[in-house]
Amino acid sequence: MAPSTSLVLSSPRQQQCALLPCHSLKRKASLPAGLLQDFFVAATSAPSPKHQKVVENDSPTTPVPRRPSDETLAVHAGEKPAGGMAAGTDSIATPIVSGTTHWFSNSEDLVAFKEGRRQSFAYGRYGNPTVKVLEEKISALERAEATLVTSSGMNAIVATLIALVPPGGHVVTTTDCYGEARAFIRDRLGKMGIKSTFIDLDDMESLKAVLDQDDVSLFYADSPTNPLLKCVDIRQVAEVCHRKGALVCIDSTLASPINQKPLTLGADVVLHSATKYMAGHHDVIAGCVSGSEALISRVRAWHHDLGGAISPNAAYMVIRGLKTLALRVEAHNRTALLMARLLEHHPKIERVHYPGLESSPWHHIARNQMTGYGGIVSFEVKSDLHGTMRFVDALEIPFIATSLGGCESLVQQPAVMSFWGQSDEEKAKNGIKDNFVRFSFGIEKFEDLRDDILQALDKI
């Protein structure tokens, strides 16, 4: 009898191997940042398939390694193909290692760890196997050498600023950056002898003037900003700052690593409140900062002293959230863009703020540095404070709540949520009007959200 052309595969491992290229069987199971960087370099120089050379027998030459997609990295980066082997288990899901203290088999083993010849962990405040998986996954998505995950986005901001701006240093930031970061820079860093200058994020002349006049340590900005969704030209800012020796730090929370990668645009450090799009379910607080190994090592040293370690349970929840990040962000992007276009032409809407709209003054920047425009749309209702409150109250699907980036849609009227009791001058300084609404679109069906918003607008 002629041999069968099919294979009988007796184990899941054999079945898995049969689906992989032969060279992949010997590859490292995890996807460390260094290996991923090699993939990315190869991808930028690799010819397209139609330009590949063909040998005489018409079989293609060995293909140049292709850069893994964000969809695949979000699922697998930092983890073994069979799941969690580095933590001593064959579970597909990354284990939650809750132990705070790790032991060594003997003194030689301890010395090897101290000298960096053995990769391990000692104490939970300095590192944890579950947290390490999350850090490697974020590094892969951000194209970073290293990532530090923290207990909150604000902890990541504080650790980064303290680590990268020395006493007597100078921070330049924007008038639109996150309010609590702005207050920390103004009120706390000032007491440490650190100078701060606030500029409009598109005022390049002021930035150049400050850089020329003083030794600036760091430029810090959000892009897009919250809630006006302005965008910093990251490439231009990085070029200007680097000529004067200043570092560039971008808070990219409202974009997510799927829509924007500041490090590839020239930024030195990128921050996120991982609570938002990364975790994506309104059920965990976390932050992260990514960049070169040298810079993140400096931030990590300060972070150890500040004590903002994330719990392994929280880290696992962010890992789980990241696996669907690309899918969720695709839904956020689509719904927000469709809704922004609809609202832009609605008679009861005065203005729509969304960088994906061609009418946005920030569209040309966003188009050049983002692959999607995010799930937040801000708009001004053609009404007053109380009429806008009636609109918000008439909505049936979204929750009236702070935060953003989760599966559930959230809505807020900043004049009530964030600026209640503050003067008109203070609100105006922050670009907030009484009729201003910020809508964070979740992953509900677009048509349902559309109908809900239209019926609510009919109530005013």
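Just so we're clear, the structure is a prediction, and the values are computed from it rather than from any experiment.

Right, let's talk about unusual backbone geometry for a bit. Trans peptide bonds make up the majority, and among non-glycine residues the majority have a negative phi. Following Ser223, the chain continues to Pro224 via a peptide bond in cis, the omega torsion being -5°. Counting through the fold element by element, Pro224 comes out in the loop between strand S4 (218-222) and helix H9 (234-243). Residue Pro227 is bonded to the preceding Asn226 through a cis peptide linkage, with omega at 10°. Here Pro227 is to be found in the loop between S4 and H9. Even without being a glycine, Leu229 presents a positive backbone phi close to 60°. Within the fold, Leu229 resides in the loop between S4 and H9.

To continue, consider the packing of aromatic side chains. Remark: the centre distance and the inter-plane angle together describe each pair of aromatic rings, the angle taken between the planes. For the structure shown, the criterion picks out 5 aromatic pairs. Between Phe104 and Phe113, the aromatic rings sit 5.1 Å apart at their centres with planes inclined by 45°, giving tilted as the arrangement. Ring centres 4.2 Å apart and planes at 15° place the aromatic pair Phe439 and Phe441 in the stacked group. Exposure remark for Phe441: the relative accessible area of 0% places this residue in the buried category.

Across the 5 residues that make up strand S12 (residues 436-440), a large majority, 5, are buried. Neither face of S12 is open: one carries Phe436, Arg438 and Ser440, the other Val437 and Phe439, and all of them are buried. Pairing geometry for strand S9 (residues 376-381) and S12, over 5 bridges, is antiparallel. Looking at the pairing, Ile376 lines up with Ser440 of S12. Where strand S11 (residues 410-412) and S12 come together, 3 bridges link them in antiparallel fashion. Within the sheet, the bridge partner assigned to Leu410 lies in S12 and is Ser440.

Scoring rules and cut-offs
- Counting of residues starts from 1 at the beginning of each chain's written sequence and follows it residue by residue.
- In view of the model being predicted, local features appear only for residues whose pLDDT reaches at least 70, and side-chain atom pairs are presented and counted only at 80 or more, with totals across whole chains, interfaces and linings using the full set of residues.
- Just so you know, side-chain values use all the structure's heavy atoms and leave hydrogens and water out.
- Each helix is a run of DSSP H or I of at least 4 residues and each strand a run of E of at least 2, with the numbering of both proceeding from the N terminus.
- For Phe, Tyr and Trp, where Trp contributes only its six-membered ring, two rings pair if their centres lie within 6.5 Å, and the inter-plane angle classes them as stacked under 30 degrees, edge-to-face over 60, or tilted in between.
- Accessibility here uses a 1.4 Å probe with only protein chains present; expressed as a share of the type maximum, an area under 20% marks a residue as buried, one over 50% as exposed, and anything in between as partly exposed.
- A pair of strands is treated as paired once DSSP finds two or more bridges between them.

Shape is all these values report; function is a separate question.
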